[in-house]
Amino acid sequence: MTTEEPGWATRLASTATNIVEYARFGGLDTGEEPSPFEIAGRGPTHRLRRYFPDTPSGRPPVLLVPPLMLTAEVWDVSPATSAVALLDRAGLEPWVIDFGDPGSEPGGSRRTVTDHVIALSAAIDEVAEQTGRRVHIGGYSQGGLFCYQAAALRACKDVGSIFALGSPFQPLSIPGVDLPEELVKELQGLWTTVLGHTGLPGWAAANLFKWTSPVGAIRGQVQYLAALRDRDSLLPRERQRRFLARDGWITFPGPAIVEVMESMTNERFLRGGLVFGDRTVTLADLTCPILIFTGSQDGFAPAHAVRDIARAAPRAEVYECSLPTGHFGLGVGSRASRVTWPTVGEWAHWQETGGPQPEAVGPVGDTGPAAPTTAAPTLVSALWSVARLAIDAGKAAPSLAGSVSAQVVDSGREIVRVAVEQLPRLARLERIGSHTRVSYGLLLDEAAADRPSATALLLGDTAHTHAAVKEGIDDLVARLLAAGVRRGQHVGVSISSRLRALTTVAALSRVGAVAVLLRPEGDLPREAALGRIESLLADPGVTGVDVPVLEVRAVGPRPSVPDWFTPNPGLGADLGFVLFTGEGAGTRAMPVSNRRWALSAFGAASATALSPADTIYSASPLHHPSGLLLSTAAAVVAGARLALAHGFDPERFWPDVRRCGATVVPYTWAMLSILLRAPEVPEERHHPVRLFVGSGIPRAVWRQALDRFAPARVLELFAVARSNAILANVSGRKVGAAGRSLPGTARTALVALGPSGEPVLDAEGHWLTVGPGEVGMLLAEVDHDQQLWDAVPRRGVFAADDAWLVTGELFRADADGDLWYVGRQDSALPSGTGALHPREVEDALGELPGVGLAVCHRGPGGDVVAAVQAAALTPRALDQAFGALPGPGRPDVVHLVPEIPLTAWFRPDLAALPAPGEAGRVWKRSRAGRYAARRRRTEEGGPAARGQQDPSPRGERARSGGVHDQHVDG
C-alpha cells in the first residue's frame, strides 16, 4: 500500500494557511512547551529561576546568565536546543537569572552594568544557600563578562567554575566592515553619546544584527517564505528563528551601554580598575577554573578577543573549547546541542569530582598581543588623520603646529595619531604665561565640571568621582576661609593621609594660598622657616613649629563662603607650592609657581600621551616632587585616574597595579631595581603597565626593566630646578639619555666652562656654546617677570635683552641634539687619573652584563670608590667599561658588594654602604691604570685590624659622593 502525494490544491491550501498564520503571529505554532521552572528568589533587578523544580536536588548547580540584549529564554529556545533541558539530562541542576526587559521594568532604562553584576552576585548567594554547594556560573556573550565581574567582585566565594560562550574583551566586531581605526573610535564615541541617553530598544537590536549581513538576512527571509508550503520541515527550527528574528531581543539600557563601551575601549576588563559603586575590582582576582567557548566563524567575537581572559586572570586556569560555528551557534542550535552543552556538563562534573578531563576541552589558545601591522595606511585613513591634524593644528600655536607637522612628514602614521591627540594639550601648554589664570584648584574644577561622574581617585579598594572630590574640596575651602586663610598666605601642610593631603593642597590652591609641603622625615622647624609659613595644617601631635595650628576639620555645618571670595584666583607667576630637598643643614626650599606646576602637568601628560583610559599609580606622597609635579599634575590635566598607594611595597605592587588597572607608573631613581630583584608573581604576567616614567633611573636598571617588564617602556624626565625647562626622552630609544626640551617649556642651551668654572666667551662677548660630545653647563631661559625665589638670572648671555638661569647641571649633547646627564658642577671627584663625574662612572659600569646597581663616591682615606652590585666582576670587564668613559678619570677602587642599600626615596644610601674591605671583593687601580685584587684591610694593618675608627665618617662619605638631588623641580 502506498501513500499518494497530496495534490496541488491541498498543497496550496496548506501554504495559504501557513501564510495567514505567519502574517498574524509572526511565525508558526510549533506546539512546543517551555521547560518548567519556579521563581526561587528575586531582587530589585532580577528574578531567579530554578528549572525542573520537581527533580530531586543534590546535583551540582549551574547558573546561566543571559546578555543584556537577549531575554532569559535564550537558554530554553526549543526542546531540541534547550540548554537547561540538556544540562538537566547531564545530571546538573539548572538555574537562570532573569533580568527582565529594562524597557518595561520600573527604572530599567537607568540600569547600569553595576546593577546587573550586583544582582548576579546576589543570585550566586541565593543558589549557594538553597543548594548548599558551590555554583558553576556561565554566560553567553556579555553574560560571560557578567560572570567574570561578579566572581571577581566576590573573590570567587561559592563559585565552583566559570564558563563563557563567545564573551569578548573588545567591542563586538561588525563582520565584513573594515573602517579606519580613527573613524571607528569616532563612531564608538558617537554611539556611546547618543545611546547613552536613549538606550537600544529590542527591535533596534534585532535589526542591528540583520543589518550587519543584509544580503544573508534577505536571502534567509525569502527562503523561509518559499518553504511555507512545507510546515514539517520548518517546525524543528521555528522557535529558534522567531527568537533570533524578533522575540528574543529586549532593551539595552543607555547607562549600561556607556559602561560597557568605556570598560572595553579603555581595556579595564584586561587591565583592572573596574568600579562597582565605589569599590574597585580586577579580574586578576579570579582563581577558579575557567572554560571559554570560541567559534572559528565568529565574526562578532573573534577568538583572540575571547581568549583575553587568560591575560586578565593570570591566577586562574583557563581552558578552551573551539567550535566551527558562528556567534549564535555557540549557545543555540544543533552544534550547541551536540557539543557545547554536553561539554559544559562534563566540565561541571570534572570540577566536582576530579574525573577525566572533557575530550573537547584543552589549553587556551594563543593569548599574545596581535603582531603590529606594517602596512601603509589606507587612503581613507590617511585623509582622516590629515583632516584631524589640520583642525587641531589650527587651534594650536603656529610653532607647535609646524613642529609636529614636520614630525608627521618624517615619521608616518603613528606620529600622526599621537600628534592629533596631543596638539590641543601642547597648544594650551604654550599659552600658559605669567599672567595666565591657572592653578591646581582651577584645573580640578574644570575636570569636575566636564566629568563629574567619572572616577578621579582610587585609594585602596575605594573609588572617588570628580564630583565627590570637589565636594570635599568645597567643604574645606569654606572652613579655611572661616579660619582666616587668605590669598598669598603661606600655609604649612603636614598630613599623613594621602587623600586628606591632596584635598588640603587643592583647597589651598583654590583659595590662592601657598601650600608649603613639610616632610615628615625632615627638619620641621627649619623647613617651616625656609617656607615662610604663617599657619599650619597638620595631623594631631605634630609639634615644633611656632605658628598657629588651624582647626578646619569637618565638624558641624559648613560655613558660608564670603561674597568677596573669588575661587581659583592664582596666576601663572604666583607661587603655588613650596617643596623641600636635602637634609639637615643642607635643606633647601624649592618654590613652585602655578605656571611651573602647570608646565609639569601638561608637559608630562603630553610626553606620556596620557588619556582618560589611563590610570597613574603613585607611590610618592605629595611632598615629593614625583607626587606633586608628575603623578597628581599629569592625571588631572589628562582626565586620567590617579591611584594613590600608601607607599611603595614590592610585595603589593603588582596586585595593586592589577586592582586599579595602572597603565603609567612614576618612579624615582632606583625604585625599579627593587621590583627587578623580587620574584615574578602571577599578576606580573600580561601586566597592564605601558610606561614607567620618572627621573634618575640608572642605566642598568633601565635596560633590565625593558627586558623583564616588556612591552612597558621607560620615559625619563629631567625637570630643571627653579626653571620652566623640562627635558624628556620620549622615544626611549637611547637608554640613559635625558632627551630634549618638551615643546612649550623653556628653551635650554649648553655653554662652555673654563678651568675654574667660569663661562667661556666668544669674540662678541657672548657665552660660547659647546659642540657634540663636549661637556657644557645647562642654561634655562627665564621670563623677565618670573619669580625665582633665591636664584638670580644672568642677562645678556646670547643677546642684549635675554635672561638665562645657570642651573648648575652638566650635560653632553650628541650629534642628534639629545642631552646626556653628566652631573652637577660641584659633583666632580678628583682621582689619580683626573677629575671624574660619578654619573658617568655609574653609567659605564651599568653597561656590563650582570650589574644591578653602581654608585661612585668618595670613600675612606679620600679614594674614589665605585661600589658595584653584581654577581661577578673581572679586571678585564672593568677595563672594558672604563675604557668607554668619555673623560680621563677612573675610580681608584672598585668594590663588589652584595647589595647597594637605598634611602626612602630609592637613592643609594652611601652612609649604609660597607667600606671597601669590610665585605665583598676589592680591586685597586695601579699606577699603570690596571685593576688588581687588593688584600683585605685586616691584612694591611688598616683601621679594621688596629681596632680604630674609620677616619672618614660615613656621614661625610654620604655628602661627598655623586648622589644628590638632581631632577627636582622648583
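Being a predicted model, the structure only gives us computed values, none of them experimental.

Attention now moves to the pattern of salt bridges. One pass over the full model with this rule turns up 47 salt bridges. Salt-bridge contacts for R271 lead to E267; the nearest nitrogen and oxygen are separated by 3.5 Å. D843 is the partner of R699 in a salt bridge, and the nearest nitrogen-oxygen pair spans 3.2 Å. Remark: D843 occurs in helix 27 (residues 838-846) and R699 occurs in helix 26 (residues 699-708); sequence separation between them is 144 residues. Classification of D843 as buried rests on a relative accessible area of 8%. Linked by salt bridges that have partners in common, R47, R49, E73, D98 and E105 make up one network.

Turning our attention to the sheet that holds strand 9 (residues 290-295). Ordered by their spatial adjacency, nine strands build an open sheet running 1-2-4-3-5-6-9-10-11, and the pairing between neighbours is mixed. Looking at strand neighbours, the two that pair on one side only are strand 1 (37-43) and strand 11 (362-363), the edges of this open sheet. Sheet topology note: the strand 6 (residues 159-165)/strand 9 ladder contains four bridges and is parallel. Paired with F163 across the strands is L291, a residue of strand 9. In the packing of helix 4 (residues 142-153) onto the sheet, the strands contacted are strand 3 (61-65), strand 5 (135-140), strand 6 and strand 9, and the crossing angle to strand 5 comes to about 145 degrees.

A separate point is the pairing of strand 2 (residues 46-51). With respect to burial, strand 2 is a largely interior element, five of its six residues being buried. When strand 1 meets strand 2, the two strands line up antiparallel, connected through six bridges. In the strand pairing of strand 2, I39 is matched with R49. If you look at the hairpin formed by strand 1 and strand 2, you'll find two residues sitting between the two strands. Across four bridges, the pairing between strand 2 and strand 4 (residues 93-98) is antiparallel. For R49, the partnering residue across the bridge sits in strand 4 and is V96.

The next subject is helix 26. Three or more residues of helix 26 are buried, namely R699, A700, V701, W702 and A705. In this structure, the buried residues of helix 26 make contact with helix 25 (671-677), strand 23 (713-719), strand 24 (726-729), strand 30 (819-824), helix 27 and strand 33 (851-858).

The final tally for this structure, using the stated rule, is 24 aromatic pairs. A ring pair is formed by F37 and Y51, whose centres lie 5.1 Å apart and whose planes are at 45 degrees; its orientation type is tilted. Pair noted here: F37 is in strand 1 and Y51 is in strand 2, with a separation of 14 residues, a long-range link. Residue F37 is classed as partly exposed on the basis of its relative accessible area, which comes to 36%. Residue Y51 is classed as buried on the basis of its relative accessible area, which comes to 1%. Measuring from ring centre to ring centre gives 5.2 Å for F811 and Y821, while their planes differ by 70 degrees; the resulting arrangement is edge-to-face. Linking F811 in strand 29 (residues 803-813) with Y821 in strand 30, this pair joins segments that are ten residues apart in sequence. Each member of the pair, F811 as well as Y821, is classed as buried. Joined through ring pairs, the aromatic side chains of Y617, F648, F653, W654, F692, F709 and F906 make up one cluster. R49 extends its terminal NZ or CZ atom over the ring of F37, reaching a point 4.5 Å from the ring centre.

Bringing the pairing of strand 18 (residues 588-593) into the picture now. Summarising burial for strand 18: five of the six residues are buried, a large majority. As paired elements, strand 17 (residues 575-581) and strand 18 share six bridges and run antiparallel to each other. Looking at strand 18, one finds that T581 is bridged to R588. Hairpin connection of strand 17 to strand 18: six residues between the antiparallel strands, including G582 at a positive phi of 85 degrees.

In this model, A710 is joined to P711 through a cis peptide bond whose omega is 10 degrees. Along the polypeptide, P711 turns up in the loop between helix 26 and strand 23.

Take helix 27 next. Along an α-helix, residues three or four apart share an orientation, since each turn contains 3.6 residues. The element helix 27 is extensively covered by neighbouring structure, given that nine of its nine residues are classed as buried. Taken as a whole, helix 27 has its buried residues at P838, R839, E840, V841, E842, D843, A844, L845 and G846.

Our next topic: the nonpolar core. Of all hydrophobic cores here, the largest spans 90 residues; its most connected members are Y148, L286, I309 and W341. With near-sequence residues (within four places) excluded, I309 lies in contact with Y148, F169, L283, L286, I290, I292 and V318. Of all hydrophobic cores here, the second largest spans 65 residues; its members include A456, V511, A605 and L610.

A few words on the environment of L153. Tracing the backbone through its elements, the reader meets L153 in helix 4. A sequence separation of 130 residues divides L153 from L283, and the C-alpha atoms of the two residues are 8.4 Å apart. Beyond its immediate sequence surroundings of up to four residues, L153 is in contact with V117, I118, S121, F276, R279 and V281.

Two elements in contact, helix 18 (residues 440-450) and helix 19 (residues 466-482), have axes separated by 8 Å at closest approach and are oriented at 135 degrees. Accordingly, the angle class assigned to the pair helix 18 and helix 19 is oblique. Of the two possible hands of crossing, helix 18 and helix 19 adopt the one that is left-handed. Every residue of helix 19 that contacts helix 18 at L444, D445, A447 and A448 is listed here: H466, K470 and I473. Here the contact of helix 18 with helix 19 is built from residues that sort into four nonpolar, one polar and two charged.

Taking strand neighbours across the sheet as the criterion, the five strands line up as 33-34-35-36-37 in an open arrangement whose pairing is mixed. Unpaired on one side and paired on the other, strand 33 and strand 37 (931-933) mark the two borders of the sheet. The mean inter-strand angle of the sheet, taken between neighbouring strand axes irrespective of direction, is 25 degrees. The sheet contact formed by strand 34 (residues 864-870) and strand 35 (residues 893-897) spans five bridges and is parallel. Pairing of V865 across the sheet is with V893, part of strand 35. Where helix 28 (residues 875-883) meets the sheet, its contacts fall on strand 35, strand 36 (922-925) and strand 37, and the angle it forms with strand 37 comes to roughly 150 degrees.

A separate point is the confidence of the model for the protein chain. Do not read the predicted coordinates in detail wherever pLDDT is low. Looking at the protein chain, the pLDDT average stands at 82 and 78% of residues meet or exceed 70. A low-confidence stretch, residues 211-218 (pLDDT under 50), is modelled with four contacts involving residues beyond four sequence positions or located in other chains.

What follows covers the state of the cysteines. The full count for this structure, using the stated rule, is zero disulfides. Cysteine C288 shares no disulfide, and the gap to the nearest cysteine sulfur, in C156, comes to 3.8 Å. In this structure C288 comes out as buried when scored by relative accessible area, which is 5%.

Here is what the cut-offs are and how they apply
Residues numbered from 1 in each chain as written. Predicted model: local features only at pLDDT ≥ 70, side-chain atom pairs only at ≥ 80, totals over all residues. Heavy atoms only, no water. Salt bridge = Lys/Arg side-chain N within 4 Å of Asp/Glu carboxyl O. Helix = DSSP H or I, 4+ residues; strand = E, 2+ residues; numbered from the N terminus. Buried < 20%, exposed > 50% of the residue type's maximum accessible area, 1.4 Å probe, protein only. Pairing = 2+ DSSP bridges. Contact = heavy atoms within 4.5 Å. Axes fitted to C-alpha atoms, helices over the stretch in contact; angles between N-to-C directions. Phe/Tyr/Trp six-rings, centres within 6.5 Å; stacked < 30°, edge-to-face > 60°. Lys NZ or Arg CZ within 6 Å of the ring centre and 35° of its normal. Core = buried A, V, L, I, M, F, W, Y, C linked by side-chain atoms within 4.5 Å. Parallel < 35°, antiparallel > 145°, perpendicular 65-115°, else oblique. Left-handed = near helix turned anticlockwise from the far one by under 90°. Nonpolar A, V, L, I, M, F, W, Y, C, P; charged D, E, K, R; others polar. pLDDT = per-residue confidence, 0-100. Disulfide = S-S within 2.5 Å.

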